[in-house]
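# Inside the fold
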Amino acid sequence: MYAVEVPADAGSDEFRRVARRALSHEIAPQTVNFVPSGSSGLFPILPEERPGFHLTVSRSYAALLDDAICHRAEDRFALLYAVLWRLKHSEPDLVSRTSDAAVAQLSLYGKAVRRDVHKMHAFVRFHETSAENGPVFLAWFEPEHFILRRAAPFFANRFANMRWIIATSIGTAAWDTKELTFGPALERPRNLHDCVLNEVWQTYYRTTFNPARLNTKLMTREMPRKYWGSMPETGLIPDMVSGARERLADMDRQPDVSPRFAAKIGRSRKPESAPANDWAALKQEALGCTACPLHLAATQTVFGEGPLDSRIVFVGEQPGDFEDIAGRPFVGPAGRMFHRALKEAGIDRAQVYVTNAVKHFKLEPRGKRRIHSRPSTAEVQVCRHWLFRELDLIDPELVVALGATAAQALSGKPVAVTKMRGIELSWPDDRRGIITVHPSFLLRLANDAARAAEYEKFVADLRLVALLVGGTELDIRDGKRNAA
Ligand code: SF4
């Protein structure tokens, strides 16, 4: 029996290193004992990796590893090694067999980890403090699993211009506007409720609180009380809950804010579901956006559309001439080509959500014509918060960037589409993603043969999209979206 020392919060890279050492010597899972660092006792230590050893793993195993490794369960290392051993020796398609006990257990671990990451993204609240060279924003969070390194890049992306520190019981992440660093765990700060930023959160929460959606059971399940201590808005909850009945009666007495708008999106005055209500409110807000000059020349904001429980969101660049007039995304020539390609890939357009990185048409008037002009980095940057709010609401399994502008909006930096297309990746907010070309690129190709070849590549990328959401192409085409 060998002892393999791994730190409790070991990440994928650390695990890969020890797994390679063990595999390179053909050490079977039943003779490997994963133990915390410094506790190997009398067991023999694993030998160094055999020179020249070569190992590649499938993307599906890498994804399983990246998620499950962050779980607190002590048996995760042993399970991951056992699955890797079987993959290498006799069962190359093991990860796709979700009925296998080890794969199923690791998938459950992965799911719990993703949920914890989602909670951290949603419930971290920064509190402003002053330091020598300007304000620093502090936050405290108590994760269930070892997710700090996994979740922190999201905050570096979202709060890139703030200096912040997130302290947790498992470690500390700090961002100085340039570099993300990690340190040891800290004790929970005594009083997080005296800081200036709290007022901002409280105002936001007070104004967005909707008594019609009050469900205290659901609220405590989705926002467990253990997070309340560091969330300034939770101090308001008792009063708001007790006043909810009165506010609800008040809302019922109010005339409809915009019946024409409600009719346009095909719902009655009383929303049927919370996401529909939130989405409609978000769209309404975006319709009035004047945050950048693009709204001056365009006809209207073109917001995303599609089912709000969609498993896939496609993100394009910006509305074109047709979309600007119709007020709907992907209804022009590029949109028609996109729909045809979706169909060929086995994806039902009615089952997916489509939107754009920039919500107003950027154009250059040329005589009577309005010529498409690519949005600048600043315009993409200022508009991306609408996109992220759409994604937060829909919470899809996969976000597909159509073209460089969408990829830049989602990743926060320029992306070389030709290098990155057709590869499964993680966006900085930890959502799974894939990049392909924008359908308008195909339309711009003058050569018929080149266009046909690129169209085939585009359809192939979309087929991969269908497969990445976990089902066969048929599952999606038939609308059996929950069956996978
Ligand atoms: S392009 Fe985006 S940020 Fe600019 S005005 Fe339109 S919606 Fe607002």
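Worth saying up front: this structure is predicted, and the values here are computed from it rather than measured.

Moving on, we get to the site of the ligand. In the vicinity of the ligand there are 14 residues, among which Cys 289, Cys 292, Lys 359, His 360 and Cys 383 approach most closely. Only helix 12 (294-297) and helix 15 (377-394) provide two or more residues apiece to the shell around the ligand. Its residues assigned to classes, the shell around the ligand comprises nine nonpolar, four polar and one charged.

With respect to topology, five strands assemble into an open sheet ordered 9-8-12-14-13, the strand pairing being mixed. Only two strands of the sheet have a single partner each, and these edge strands are strand 9 (353-356) and strand 13 (425-426). Where strand 12 (residues 398-402) and strand 14 (residues 432-436) come together, five bridges link them in parallel fashion. Among the inter-strand pairings, Val 399 is bridged to a residue of strand 14, identified as Gly 433. Along the sheet face, helix 16 (residues 404-411) touches strand 8 (312-316), strand 12 and strand 14 and points at about 135 degrees away from the line of strand 12.

The next subject is the nonpolar core. By size, the foremost hydrophobic cluster in this structure holds 51 residues, and its most contacted members are Val 315, Val 400 and Val 465. Elements represented by at least two residues in this core include exactly strand 8, helix 14 (333-344), strand 9, helix 15, strand 12, helix 16, strand 14 and helix 19 (448-468). Top element by residues in this core is helix 15. It accounts for six residues. Discounting residues that sit within four places of it in the chain, Val 315 has contacts with Thr 355, Asn 356, Ala 357, Leu 387, Val 399, Val 400, Ala 401, Leu 402, Ala 406, Ala 409 and Leu 410. Residues Cys 70, Phe 137, Phe 155 and Ala 156 belong to the second largest nonpolar core, which totals 48 residues.

One open sheet holds the five strands; their spatial order is 3-4-5-6-7, and the pairing between them is mixed. Lying at the two open borders of the sheet, with one neighbouring strand each, are strand 3 (127-131) and strand 7 (180-183). Strand-to-strand twist in this sheet, taken as the mean axis angle between neighbours without regard to direction, amounts to 25 degrees. When strand 5 (residues 164-168) meets strand 6 (residues 171-175), the two strands line up antiparallel, connected through five bridges. Bridged to Trp 164 within strand 6 is Trp 175.

Reading the values: the criteria
Residues numbered from 1 in each chain as written. Predicted model: local features only at pLDDT ≥ 70, side-chain atom pairs only at ≥ 80, totals over all residues. Near = placed C-beta within 6 Å. Helix = DSSP H or I, 4+ residues; strand = E, 2+ residues; numbered from the N terminus. Nonpolar A, V, L, I, M, F, W, Y, C, P; charged D, E, K, R; others polar. Pairing = 2+ DSSP bridges. Contact = placed C-beta atoms within 7 Å. Axes fitted to C-alpha atoms, helices over the stretch in contact; angles between N-to-C directions. Core = buried A, V, L, I, M, F, W, Y, C linked by C-beta atoms within 7 Å. Buried ≥ 20, exposed ≤ 12 C-beta atoms within 10 Å, placed from the backbone.

This is a description of form; function is not addressed.
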